[in-house]
Amino acid sequence: MNAKTGKTGQCLCGKVKFRLTDEVHEVGACHCDMCRRWGGGPFLEIRCMGPVEFEGEEHIVRYRSSDWAERGFCGVCGSNLFYCIVPDGPYMMSVGALEDQTGLKFTSQVFIDEKPDWYAFANKTKNMTGAELFAMYAPQDGEKS
Ligand SMILES: [Zn+2]
Ligand SMILES: [Zn+2]
């Protein structure tokens, strides 16, 4: 990987490394039941409109979780890496994989209607239900990501 700017991250074992090519700071949470089943809790992600550069891409396992998206994780250590709209993104990178956690802002939560009632984030964020999210981004109605 060359020495450009942009946040970098890696999985737990370090076989997969990545660099974000755009300057992004806003973190979102998804409370949908698929994300919670996938990661054990809400998926905390940083949305990258630009491409993401990967190193060790041969270790990434991609799971097609819906007609329009796939989820990537490290096949060696199992770390979740991203949720990605197919075929070209954007990539929602797992914020926990980032090296540098400074300057991030937690700004939004989606599928707030699927959040279990035993936890809640205290941050002031823009919250949307699944239906509100799909109304904004996709013609499909009422389907989960
Ligand atoms: Zn790994
Ligand atoms: Zn989700």
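Bear in mind the structure is a predicted one, so any value in this text is a computation, not a measurement.

Go over the overall build of the protein chain, please, and point to the residues and values.
Within the protein chain, the regular secondary structure consists of two helices and 11 strands. Along the protein chain, helices and strands appear, N-terminal first, in the series β-β-β-α-β-β-β-β-β-β-β-β-α. Taking 15 Å as the expected radius of gyration for a compact globule of 145 residues, we find that the protein chain reaches 15 Å, a close match to that expectation. For the protein chain, the spread of C-alpha atoms along the principal axes amounts to about 40 × 30 × 30 Å. Residues classed as buried in the protein chain amount to 29% of the 145 residues present. Across the protein chain, the fraction of contacts at a sequence separation of at least 24, relative to all contacts at a separation of at least 6, is 50%.

Before we move on, can you summarise the sheet that holds strand 4 (residues 43–48) with the specific residues and values?
One open sheet accounts for eight strands, arranged 6-7-8-9-4-3-10-11; its pairing is mixed. Pairing within the sheet leaves two strands with one partner each, and these edge strands are strand 6 (60–66) and strand 11 (126–128). For this sheet, the mean inter-axis angle between neighbouring strands, taken without regard to orientation, is 30°. Of the strand pairs in this sheet, strand 6 and strand 7 (residues 69–74) are connected by six bridges, and their pairing is antiparallel. Counterpart to Arg-64 in the pairing with strand 7 is Glu-70.

Could you give me a rundown of the pairing of strand 10 (residues 105–110), with the residues and numbers involved?
Both strand 3 (residues 26–30) and strand 10 contribute to a ladder of five bridges, which runs parallel. Bridge assignment links Ala-29 to a residue of strand 10, and that residue is Gln-109. With three bridges joining them, strand 10 and strand 11 adopt parallel strand pairing. Looking at strand 11, one finds that Ser-108 is bridged to Lys-126.

How would you sum up unusual backbone geometry? Please name residues and give values.
Negative phi characterises most residues that are not glycine, and trans characterises most peptide bonds. Residue Pro-87 is bonded to the preceding Val-86 through a cis peptide linkage, with omega at 0°. With respect to the element layout, Pro-87 can be found in the loop between strand 8 (80–85) and strand 9 (91–94). With an omega of 10°, the peptide bond running from Gly-89 to Pro-90 counts as cis. Examined against the element boundaries, Pro-90 turns out to sit in the loop between strand 8 and strand 9. With phi around 55°, Phe-111 is a residue other than glycine that occupies positive phi space. In this fold, Phe-111 is placed in the loop between strand 10 and strand 11.

I'd love a proper account of the sheet that holds strand 5 (residues 52–55), names of residues and values included.
Taken together, the three strands give an open sheet; going across it, the order is 1-2-5, and neighbouring strands pair in antiparallel fashion. What marks the edges here is a single partner per strand, and that holds for strand 1 (8–10) and strand 5. Within this sheet the neighbouring strands show an average axis-to-axis angle of 20°, counted without direction.

What counts as what
- Residues numbered from 1 in each chain as written.
- Chains lettered and ligands numbered in written order.
- Predicted model: local features only at pLDDT ≥ 70, side-chain atom pairs only at ≥ 80, totals over all residues.
- Helix = DSSP H or I, 4+ residues; strand = E, 2+ residues; numbered from the N terminus.
- Rg over C-alpha atoms; globule rule 2.2 N^0.38 Å.
- Buried ≥ 20, exposed ≤ 12 C-beta atoms within 10 Å, placed from the backbone.
- Contact = placed C-beta atoms within 7 Å.
- Pairing = 2+ DSSP bridges.
- Axes fitted to C-alpha atoms, helices over the stretch in contact; angles between N-to-C directions.

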